[in-house]
Structure formats: structure tokens, C-alpha cells
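Residue-level structural notes
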Amino acid sequence: MAVASTPALPSDREGVAARAGQALKSAAFSALVMFGLSVPILLLRTEQSDAGGLILVQRWGLVASACAIVFAVRLAVGLAGGRIVPRRQTAQARGAVTTAADPAAQSGFRLATIAAPLFVGVAIAFPVMIILAKGGLNEGRYWIDLGILILTYVMLGWGLNIVVGLAGLLDLGYVAFYAVGAYSYALLSTTFGLSFWICLPLAGILAALWGILLGFPVLRLRGDYLAIVTLAFGEIIRLVLINWVDVTGGGAGISSIPRVTFFGIPFTADEDGFAGRFGLDFSPMHRIIFLYYLILALALVTNLVTMRLRRLPVGRAWEALREDEIACRSLGINTTNTKLTAFAIGAMFGGFAGSFFAVRQGFISPESFNFLESATILAIVVLGGMGSQIGVAIAAIAMIGGPELLRNLGFLKAVFGEGFDPNEYRLLLFGLAMVLMMIWRPRGLISVREPSVVLKERKSISGDLVKEGHG
Amino acid sequence: MASSATPVLEVQHMTMRFGGLVAVGDLSFTARRGEITALIGPNGAGKTTVFNCITGFYRPTEGMIRLRHEGGSDYLLERLPGHAINWKAKVARTFQNIRLFSGMTVLENLLVAQHNSLMIASGFSLFGILGLPTYEKAQRAAIAKAEYWLDKTGLTARADDPAGDLPYGDQRRLEIARAMCTDPVLLCLDEPAAGLNPRESLELNTLLSSIRAEGTSLLLIEHDMSVVMEISDHVVVLDYGVKIADAAPASVRSDPRVIAAYLGVEDEEVGEVEAEVGLELTS
């Protein structure tokens, strides 16, 4: 695709006709590439024949539409004289001094300051808006469930952001702490009958302990080696959960985990239930809405604590560690402890999210904690912009809400035929989005860094200067 | 040299081997309190290795490095863990290739340097998270100290700019300011004048002299002889990891062994070579 997106070279001397020719040529080439790609991916489809066997269905129409779309888009871009790949700007080329006042950096900065209260407001009002729009409690269930899912990932993203974004330690096994949190709640509540509100802090503490346990052996490792060991750690936890059948129930998981209560009042239909006590008509949606606000509160606490920590010496030490570990040591910072606190606090929030997951599902099994989860959370952090809180939130909405959006694109059937299901192209679109991000925003959606302390004037720092850490 | 009796740093019989290579062999020297001691020598003489041993980045194969505080407490640097050399023994250093936190602002760089004292004031983050006033007060004091060093290094106007945006000379000075924010007893500077123009070099001399006047002893590696000869009180010359001279600057500059080492010839040929290149250092 890189060849296909080579820009036409617009020049005054060549004239319009030449440019149109160029555009046509590159559009034709792009369409050819699309044809090559779509033949193996889109053309053939297996379907059940009437006789019960599988038959191959050829979908030339779909391939033709795809090629036509690519051709049209490429032609339009070529005629407009636009470049698909933006000119690379290096910090040196722009001049060292101007970087701080970089307009892109400043606009990102403004976005972050204005968008934050807006996001929180929308998040708080979301269930009410959905219920009003859908005209009833039960009708809004799908959307509120989706909101809960997105907020869980926002929280996980913010938790991992401490480790990856601030301390610059690449952790590919974050889901392990999510699992520790979930199993902590599940086991403590089913074995000892402890309530969610007691188990929540316990789950966080246990996950933090596991974070420190993981931290010790990997402290000496950097870069790829650190990534591999954390990946292995995530898998070890999952395999232990599968194989230690006596305790964890193995692959069957743990079921009938006690549901969440409204600070002790259960969400049941009887007299003593939430609805009965507050004189409401019983609805299962009360519990869902309560879960929504619970995860919203947990996520906001994560955010608040992270923002606070960034302004404290420990947060600054994390960022300094990401920038230069050797310099940190020469300034008397105990890099071992600093890394361990990052691992522990990141893991703690993962644990909180995990116990929320368990109380929401009522059932957990090792299947929910595979590597793909870790990869998704890491992708949210990286796409959002490492270290940026608002960026992570936007990325979580896009990554988790985006695929759901595909389910609601019924009108595309009119273009691609009746059998077209946009949901099947989830991973393809995901890959495309990744490629586009790499081209346009290689440092994530919000790549600017906000200083944690200011003497006179608050200036945001361009992502070019901020290092990504040693691994 | 009234203070010549009290050494701040004593390096005794220090040897550093990397496999079969002896980078520093049986080196002993003393840096005196309140003085600027310069460590010079041709390229590859082992100066930076000595620095890395003193500041805990290497552990010397043999020997002892003793740091004495004014109160009488002694620290054996070769036995301390890396970060304690700065935090407990109060030895700060700068790097030959500048190591700033380039994505953080100048002020943040100076606050990271005060990490340990701020960490205690924030109750290891506990008071800080709760927003207790003790931490706020400590942070204000830390900023005041940072402002003092910003003023001394002429960087006040750039306080809120990212460190990576500063010109080279400013970055060098910021690194010194950052090291000074850790309240060192001994400040080790690895080629502070490298890459500076003559005017900046002169400013550096003033800055280093004023740091000495405030009671911090300095140990510096330097190639720029104008810096070495002008401000150092005492010069140690290394060649192939061995000390070949240890004296006041005036006598070092006329030492035939030093000149021989710098010109890369045998001692006996110094006169000849000097005549050839037109040098008349041996007065």
C-alpha cells in the first residue's frame, strides 16, 4: 500500500492535464493493488448448499465495488493535489526554539483542557440520555452495557498508562493483574462470603503484590526483554488459573459470584431489595445503571490519583526514569523502588477493574484473560498517546465502541449487497486504522506532554522531545 | 590554601580492570575540601572510568574511595549502592554527553533532582495524594531552590521550556544546576566545557568559581586547558590509567612527563618535538 499512496507530484509547469494524468495513473495503480488484495480476501466465500455440503460463492460484485471506491478516492485525492503522507517534520528542521510554541502541540493542549470536563459531563449524563432517547429503562440496556465495557477499558488503559506511558516500561502482560483482581473477588466472595466493598480494596492490594512480584525479576531487563518477560508472566497467570483446578475451577471458571449490592442493599425484586426500599418498581436495569456509575467512579478515581501522582515526586521520578535512567541514578533516585511503585500502582488499578469485571459478569473463566486483552489495552494506551489521560479515554472509546458501531451500519448493505456484514471486517478496519495512525500520528492521538509544575507560563511539550522509555 | 589539611575525597590504590584491560591502575589521589581538582589526560587515559568508579557506575576491581563530610562522617563510595552515592554521600555528577530529561521542563529537571527530600516531605506520596500542606510547603521550598540555581545559571527565562529545546551551552549549565540542586559536598563534572564557545567557557569559569565559593568541592575532567589552568587549584594527570603528575597547575604545565604524554612521545624526545612544533611551555 505504501507504493500506492506515493503522492502525485503537483508542479506548476506540468499543468492541469499532466496532473490529471498522474492522478489517473496512480488511481489505476491503487485500484490494481486493491484488486490484488481483495481477490484473496473478499472474492470467495463458503456457503452451505441445499444438499448440506459447502460450496464456494464468487463475489465479483463486491470486489468491483471495493476497487471502484479505492479508485475514486485515490483519484479525488490526486486531483485535489493532496498528499496522503504528510511531510515529515523533524525537530531540527523546525528549529529548536519553535517546538514549544508548535501550533499542533498547543491545539492538542487546548483540546485536553476543554475536553476533559466535557467528557466527564457526557459520561455522567450518558445513562439518562440513553434512557430518554430510547424511551424506557430496558430499551437502553445495550447502550449502557456498551458504556460499562468502554469505561472498563478506559480504566484499564489509565492503569496501564502509569506503567507504559509514565514510567516507560513496556508491559505486555497487564491482563494478569486484571485476572488477579477478578479471581481475588470471585474466590474471596464465594469462599468467605465477603462483600464486594471489602473485596475491592483486597483485590487491589493483591494485584499490587503481584505487580511487585513481577517487578523484582524484571527490574534489570529493558526493551524487548522486558516485554517478553511480562508477556510470559501474563501467560503464566492464565495457565495457573486453568491448571490449578482445586482452587480456580480450571477452565470451567467460577460461577455464581455474588452480585453487586447498593452499599449492602441487594438489587432484588423482594421487599428488602433496592427497588422495594426506595419505593420504585423493580427493574433489572437498576443494577446495570448502578454498575455503570460504579465503573465510572472507579475510572475517575484512577484518573484523579494518576493526575495527582504526576505532580508528586514519585510521578516526576517515573517520567524522569522514562527519559533517562542513568541520570536518575546519578541524582540519587532509587530506580528499583521507583519502577516497583509504577508496577504496583498500575497493577492495583488493574486489580480494581478485575474485581469490577467479576462482580458485573457473575462468572469468570481464564478465557477472559488471554493475551488479546493485554494487546487491546496496550493498543489503547499507545493509540491514545503515551502518558495522555484524555487520549487514552478517546482511544478506548474508538477501540471498543468502534467495532460496535459496525453492527449498526445497515445502510452499507445497499452498496455491497444483502449478504454483507460489516462486522466481519472488524480486524481489517482495525489494521487500516493502525496504518493511518502510524502515518498521521505516530506518537498517538494526543502526543503533547503537559508539564507537572510551572514557574510562570504553562507551555505544553511537543511529543518529539518526550522519550518513549527503554521498553 | 588554608584548607589543604582536610581532604574531601581520597582515592587509594584504585584499580579498574575490564577483562584483561587495565583501565585504571593503582591510582591514588586526594581532592581537598573547597578546592577545584582537575583530572586531565590524553584521550583514553581512564579519566571517565575514574569518574564512573567515584560516582558508583562502576565498582573498582581494587582499592578504596573515601568521601569525608565536614561533620566527620566517612563514606566508602565503592561499597554504596548507586543511588546512595548521591543521596547519602552527597556526590553529584554531570555527564560527558549531556543527560537531561529532555521531555521535561527545565524546572521539572531541577525538581527531579530534589526527589528524595520531596519524597520524604510528601510522606512517600501519602500526604501528597491527600493534599496535605506539608508537601505544598516542601514543594515551594524546592521551587525556591530551583529558582536560585536558575538565576545563577542564567536560565530563569527558560524555566518552563522543555530541556531538550535549550541550546547546547544552556543544557550544559542546566545539568550543573540540576546536580547542584542535590546539595552535593563534591560535584564531579565530566568535560563541562566541551562544545562551548570561548565566551560560554568564560561564563562557566565564573559559575564554577562561585560554586566553589559556596563551599562545594569540585572534581572536573577537562580538555579545555584555559578552564583547567585558570580555575583549578590542583591538577591530577593520568596517562594509560596511571597517575603521572599531581600538583598545582603551574608546575603541571611545565612537567616534561605531562607534555610528553600529551604530545604522545617519549620523555627524552620532548625537547626535540617542542622545538619542531614551536612550543615553549618549558619556561
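Residues numbered from 1 in each chain as written. Chains lettered and ligands numbered in written order. Predicted model: local features only at pLDDT ≥ 70, side-chain atom pairs only at ≥ 80, totals over all residues. Heavy atoms only, no water.

Considering the overall build of chain B
- Broken down by element type, chain B carries 12 helices and 10 strands.
- Taken over C-alpha atoms, the radius of gyration comes to 20 Å for chain B, in line with the 19 Å a tight globule of 283 residues would show.
- Counting only C-alpha atoms, chain B reaches 75 × 40 × 40 Å along its principal axes.
- The buried share among the 283 residues of chain B stands at 57%.
- Across chain B, contacts joining residues at least 24 apart in sequence account for 63% of those joining residues at least 6 apart. (Helix = DSSP H or I, 4+ residues; strand = E, 2+ residues; numbered from the N terminus. Rg over C-alpha atoms; globule rule 2.2 N^0.38 Å. Buried < 20%, exposed > 50% of the residue type's maximum accessible area, 1.4 Å probe, protein only. Contact = heavy atoms within 4.5 Å.)

What about the domain arrangement of chain A?
- Domain annotation for chain A reports domain 1 (15-87) and domain 2 (118-406).
- For domain 1 of chain A versus domain 2 of chain A, the separation of C-alpha centres amounts to 41 Å. (Domains from an automatic or database assignment.)

With respect to the interface of chain B and chain A
- Taken together, the 43 residues of chain B in the interface contact 39 residues of chain A.
- Between chain B and chain A the total buried area reaches about 3600 Å² when both faces are included, carbon and sulfur atoms providing 61% of it.
- Counting the surface chain B buries against chain A, the share from its top three residues, H83(B), D160(B) and D165(B), is 17%.
- For the interface between chain B and chain A, the tally reads three salt bridges.
- A salt bridge links D324(A) to R99(B); the nearest nitrogen and oxygen atoms lie 2.9 Å apart.
- Linking chain B with chain A are 18 residue pairs in polar contact (both at pLDDT 80 or more).
- Mapped by element, the contributors of at least two residues to the side of chain B that touches chain A are helix 2 (82-87), helix 3 (106-112), helix 4 (115-121), helix 5 (126-130) and helix 6 (133-153) of chain B.
- For the side of chain B that touches chain A, the leading source of residues is helix 6 of chain B, giving five residues.
- Residues of the side of chain B that touches chain A, tallied by class, amount to 18 nonpolar, 17 polar and eight charged. (Buried area = accessible area lost by both parts, 1.4 Å probe. Salt bridge = Lys/Arg side-chain N within 4 Å of Asp/Glu carboxyl O. Polar contact = N/O pair within 3.5 Å; in protein donor to acceptor, adjacent residues only side chain to side chain. Nonpolar A, V, L, I, M, F, W, Y, C, P; charged D, E, K, R; others polar.)

Describing the packing of aromatic side chains
- With the rule as written, the count across this model stands at 26 aromatic pairs over all chains.
- Ring centres of W210(A) and F233(A) lie 6.5 Å apart, and the angle between their planes is 45°; this geometry places the pair in the tilted category. Pair noted here: W210(A) is in helix 7 (residues 196-218) and F233(A) is in helix 8 (residues 223-243), with a separation of 23 residues, a long-range link.
- Summarising the aromatic geometry, the rings of F267(A) and F290(A) are spaced 5.4 Å apart at their centres and angled 40° between planes, so their arrangement reads as tilted. You can see F267(A) sitting in the loop between strand 4 (265-266) and helix 10 (274-277) and its partner F290(A) sitting in helix 11 (residues 285-310), a full 23 residues away along the chain.
- For F290(A), a relative accessible area of 13% puts it in the buried group.
- A network of ring pairs unites the aromatic residues Y185(A), F196(A), W197(A), F262(A), F263(A), F267(A), F274(A), F278(A) and F290(A) as a single cluster.
- Looking at R99(B), its charged tip hangs above the ring of F95(B), at a distance of 5.6 Å from the centre.
- R178(B) extends its terminal NZ or CZ atom over the ring of F101(B), reaching a point 4.8 Å from the ring centre. (Phe/Tyr/Trp six-rings, centres within 6.5 Å; stacked < 30°, edge-to-face > 60°. Lys NZ or Arg CZ within 6 Å of the ring centre and 35° of its normal.)

Describing a nonpolar patch on the surface
- On the surface, I198(A), L202(A), I205(A), L206(A), L209(A), W210(A) and L213(A) cluster together to form a nonpolar patch covering roughly 610 Å² of accessible area.
- The class of W210(A) is partly exposed, set by a relative accessible area of 35%. (Patch = residues over 30% accessible without salt bridge, like charges linked within 9 Å, V, L, I, M, F, W, Y side chains within 5 Å. Areas by Shrake-Rupley, 256 points an atom, 1.4 Å probe, with all protein chains shown as cover.)

Topic: the pattern of salt bridges
- One pass over the full model with this rule turns up 29 salt bridges over all chains.
- Of the charged contacts in the structure, one is a salt bridge between E108(B) and R449(A), with a shortest N-O distance of 2.8 Å. Note that E108(B) is positioned in helix 3 and R449(A) in the segment after helix 18 (426-440), a pairing that runs across two chains.
- Given the relative accessible area of 0%, E108(B) is considered buried.

Some points on the sheet that holds strand 3 (residues 36-40) of chain B
Residues and elements named next belong to chain B.
- Pairing in this open sheet of six strands is mixed, and the strands run 6-7-8-3-9-10 from one edge to the other. A strand with exactly one partner marks an edge of an open sheet, and here the two such strands are strand 6 (91-93) and strand 10 (242-247). Adjacent strand axes in the sheet meet at a mean angle of 15° when their direction is disregarded.
- Of the strand pairs in this sheet, strand 7 (residues 186-190) and strand 8 (residues 217-221) are connected by five bridges, and their pairing is parallel. (Pairing = 2+ DSSP bridges. Axes fitted to C-alpha atoms, helices over the stretch in contact; angles between N-to-C directions.)

A short note on helix 8 of chain A
All names here are of chain A.
- The end-to-end C-alpha distance of helix 8 is 30 Å, a good match for the 30 Å that 21 residues give at a rise of 1.5 Å each.
- For helix 8, the full list of buried residues reads G223, L226, A227, T230, F233, G234, I237, R238 and L241. Buried positions in helix 8, seen along its axis, are confined to an arc of 125° and lie on one side of it. Those residues of helix 8 that are exposed and angled more than 90 degrees off the buried face are D224, Y225, I228 and N243.
- On its buried face, helix 8 sits against helix 6 (175-192), helix 7, helix 9 (245-248) and helix 14 (335-361). (Expected span 1.5 Å × (residues − 1). Arc of directions from axis to C-beta.)

Digging into the nonpolar core
- Among the nonpolar cores identified, the biggest contains 143 residues, and I144(A), I364(A), I176(B), L187(B), L208(B) and I211(B) are the most heavily contacted of them.
- Here this core takes 15 residues from helix 5 (residues 141-166) of chain A, the largest share from any one element.
- Counting residues in each nonpolar core, the second largest holds 31 residues, with V8(B), L9(B), F29(B) and A45(B) among its members. (Core = buried A, V, L, I, M, F, W, Y, C linked by side-chain atoms within 4.5 Å.)

Here we look at the domain arrangement of chain B
Residues and elements named next belong to chain B.
- Domains assigned within chain B are domain 1 (1-90 + 185-198 + 210-247) and domain 2 (99-183).
- Distance from the C-alpha centre of domain 1 to the C-alpha centre of domain 2: 26 Å.
- Contacts between domain 1 and domain 2 engage 16 residues on the former and 14 residues on the latter.
- Summing the contributions of domain 1 and of domain 2, the shared interface buries around 1100 Å²; its carbon and sulfur component is 62%.
- Broken down residue by residue, the surface that domain 1 buries against domain 2 is led by W87, I211 and E214, which jointly contribute 37%.
- The interface formed by domain 1 and domain 2 holds one salt bridge in total.
- The salt bridge involving K152 is made with E214; its shortest N-O contact spans 2.8 Å.
- Counting the contacts that link domain 1 with domain 2 gives six residue pairs in polar contact (both at pLDDT 80 or more).
- Contributing elements (two or more residues each) for the side of domain 1 that touches domain 2: helix 2, strand 7 and helix 8 (198-213).
- Per-element tally for the side of domain 1 that touches domain 2: the top contributor is strand 7, with three residues.
- By residue class, the composition of the side of domain 1 that touches domain 2 is eight nonpolar, four polar and four charged.

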